Amino acid sequence: MSMKFFTAIALLFASFTATAAEKIEIKSAQDIRKCEDSYRWDAADCFAAYEKFVDKNPGKAFEAAKVGGRVFARWSMLPTFDKVYQRTKNIAVCQDEDFQLSLMNALWGLPSFHDVRKMAEKYLKNACAPHLVNAVIKELDDTPETTATENFCALLKSQGKNHSACEPKPVTVAPEPEKETLPQIAKSSLKLEQIKAYRGPEGIKVFIAEIREQKDVYLVKFQGIKGPWNNRTILHKARRMDRNGNMDYWTEHDGAIWNSVLVRHCSGGYCQRQIYAPEQGYSDGISISYDEKESEKASAQDLVATF
């Protein structure tokens, strides 16, 4: 039965009032079915009358629970079966098919904090345990992975049994992603597409040009910055983040990938760009913007010469 049904039953139980319960009287176990037929829209009232009958007639509680399991949620009958077992200590209760259905329904259908679920778990460890082995094996055959699998496997182990669902699962180790590297480019064969120049504060300039016939491979030259990259042209690759234009230009530095130029917040053809260079002195990057005049003056020969 679905959790939606369990929730509905719980809500109905909560809505019970003494006045409504007095309208329904159950005098025998078979009256439970009649109650459902007569008050099919008042399941909570029928359940309250059922509980009243069980309390007054403990000798008929076992039969009432078997009938009730066909009217109410299976798990809701477990407390009645438990009362019978605690009173009689009769192992026949554990062997009963309706009891086992209620027990299994509570184990895989209720959250671990529910009192009836906790009650069900106790039966996997008490004198009933040996008589539940076949029922547990059937549950694991039908549904190898349930919220009760751990408890089921513990029971089988205690009884010297096993099941494939209880075998350790092989640990699948995902292969490490292949490390992306920069291509080997011969300086003598370099041919560049259009060079784009960008200007930052205090005379900083950055020149970016894609290498012809090399998809997403670029030369990037830095000028006016602090650190070892000043006045150097460095091989980069572009990593496109999405279709909006967001991307990173990265290179290798000290044996690791270094994102040198970040392109973000693109809208209407305009993007924000920031550069990050070793020892540049600005942990949050330096903003640069496109410079049309500088782009027109930029020389491929100049970029290649400092490569």
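One numbering rule holds for all chains: residues counted from 1, following each sequence as written. Per-residue local features are limited, in this predicted model, to residues with pLDDT of at least 70; the limit for side-chain atom pairs, both in listing and counting, is 80 or more; totals at the level of whole chains, interfaces and linings are taken over all residues. As a rule here, side-chain values come from all non-hydrogen atoms in the structure, and water together with hydrogens is ignored.

We now examine the overall build of the chain. Only DSSP runs of H or I covering at least 4 residues are called helices, and only runs of E covering at least 2 are called strands; the numbering of each starts at the N terminus. Check the secondary structure of the chain and you find 13 helices and eight strands. Split into buried and exposed, the 307 residues of the chain put 43% on the buried side. In this analysis, two residues are considered to be in contact whenever any of their non-hydrogen atoms come within 4.5 Å of each other. By sequence separation, contacts in the chain at least 24 residues apart represent 48% of the contacts at least 6 residues apart. Only the protein chains shown count as covering a residue, and every accessible area follows the Shrake-Rupley method with a 1.4 Å probe. Taken as a whole, the chain presents about 18100 Å² of accessible surface, with 50% of it coming from carbon and sulfur. Any residue under 20% of the maximum accessible area for its type is buried, any over 50% is exposed, and the rest in between are partly exposed; the area is computed with a 1.4 Å probe on protein chains only.

Right, let's talk about the packing of aromatic side chains for a bit. Between the rings of Phe, Tyr and Trp (Trp by its six-membered ring), a pair exists once the centres lie within 6.5 Å; its type follows the angle of the planes, with under 30 degrees stacked, over 60 edge-to-face, and the other angles tilted. One pass over the full model with this rule turns up eleven aromatic pairs. On the basis of an interplanar angle of 75° and a centroid distance of 5.7 Å, the ring pair of Phe-62 and Phe-81 is categorised as edge-to-face. Residue Phe-62 is located in helix α5 (residues 61-68), and its partner Phe-81 is located in helix α6 (residues 78-88); the two are separated by 19 residues in the primary sequence. With a centroid separation of 5.2 Å and 65° between ring planes, the pair formed by Phe-99 and Tyr-123 is classed as edge-to-face. Pair noted here: Phe-99 is in helix α8 (residues 97-109) and Tyr-123 is in helix α9 (residues 115-123), with a separation of 24 residues, a long-range link. Each member of the pair, Phe-99 as well as Tyr-123, is classed as buried. One aromatic cluster is present, formed by Phe-62, Phe-81, Tyr-85, Phe-99 and Tyr-123 through successive ring pairs.

A negative phi angle characterises most non-glycine residues, just as the trans form characterises most peptide bonds. You will see that Asp-216, though not glycine, has its phi angle at about 60°, which is positive. Within the element layout of this structure, Asp-216 appears in the loop between β2 (205-211) and β3 (217-223). Asp-216 gets classed as buried once you look at its relative accessible area, which sits at 13%. Non-glycine residue Asn-231 carries a positive phi angle of around 60°. Here Asn-231 lies in the loop between β3 and β4 (232-240).

The subject of this paragraph is the sheet that holds strand β6 (residues 256-267). Spatial ordering of the closed barrel is given by β1-β2-β3-β4-β5-β6-β7-β8, a layout of eight strands whose pairing is antiparallel. The average undirected angle you get between the axes of adjacent strands in this sheet is 35°. DSSP calls a pair of strands paired once it identifies at least 2 bridges connecting them. Alignment of β4 against strand β5 (residues 247-253), held across four bridges, turns out to be antiparallel. Paired with Arg-239 across the bridge in β5 is Asp-248. Where helices are involved, their axes are fitted lines through C-alpha atoms of the stretch in contact, as for all axes, and angles between N-to-C directions lie from 0 to 180°.

What follows deals with the packing of α6 against α9. It is at 10 Å that the axes of α6 and α9 come closest, and there the two elements cross at 45°. Classed by the angle they form, the pair α6 and α9 counts as oblique. Considering the relative orientation of α6 and α9, their crossing is left-handed. Together, Leu-78, Pro-79, Phe-81, Asp-82, Tyr-85 and Gln-86 of α6 and Val-116, Met-119, Ala-120 and Tyr-123 of α9 make up the contact between the two elements. Orientation categories follow fixed angle ranges, with anything under 35 degrees roughly parallel, anything over 145 roughly antiparallel, 65 to 115 roughly perpendicular, and all other angles oblique. Crossing handedness follows the turn of the near helix against the far one: under a right angle anticlockwise gives a left-handed crossing, and clockwise gives a right-handed one.

Let us now look at α9. Among the residues of α9, Val-116, Arg-117, Met-119, Ala-120 and Tyr-123 are the ones counted as buried. The arc that holds the buried residues of α9, viewed along the axis, is 160°, so those residues lie on one side. Opposite the packed face of α9, turned more than 90 degrees from it, sit the exposed residues Asp-115 and Lys-122. Buried residues in α9 make contact with α6, α8 and α11 (149-158). Relevant arc is that of directions from the helix axis to the C-beta atoms, nothing else.

Right, let's talk about the nonpolar core for a bit. Counting residues in hydrophobic clusters, the biggest one holds 49 residues, and the most contacted among them are Tyr-50, Phe-99 and Leu-103. Of all the elements, helix α4 (residues 43-56) adds the most residues to this core, at six residues. Apart from residues no more than four positions distant in its own chain, Leu-103 is found in contact with Leu-78, Ala-120, Tyr-123 and Leu-132. We call a set of buried Ala, Val, Leu, Ile, Met, Phe, Trp, Tyr and Cys residues a nonpolar core when their side-chain atoms join them within 4.5 Å.

The subject of this paragraph is the environment of Ile-185. With respect to the secondary-structure elements, Ile-185 resides in the loop between α11 and β1 (192-199). Take Ile-185: its relative accessible area is 18%, and that puts it in the buried class. Along the primary structure Ile-185 and Gln-214 are separated by 29 residues, whereas in three dimensions their C-alpha atoms are 9.5 Å apart. Sequence-distant contacts of Ile-185, defined by excluding residues within four places in its chain, comprise Leu-190, Ile-211, Gln-214, Leu-235 and Phe-307.

Further remarks concern the packing of helix α10 (residues 133-142) against α11. Packing of α10 against α11 brings their axes to within 10 Å, and their N-to-C directions diverge by 140°. On the basis of their axis angle, the class for α10 and α11 is oblique. When you trace α10 past α11, the crossing you get is left-handed. Within the contact between the two elements, α10 uses Val-133, Val-136, Ile-137, Glu-139 and Leu-140 and α11 uses Thr-149, Phe-152, Leu-155 and Leu-156. Of the residues that constitute the contact of α10 with α11, the class distribution is seven nonpolar, one polar and one charged. Residues are grouped as follows: nonpolar covers Ala, Val, Leu, Ile, Met, Phe, Trp, Tyr, Cys and Pro; charged covers Asp, Glu, Lys and Arg; every other residue, Gly included, is treated as polar.

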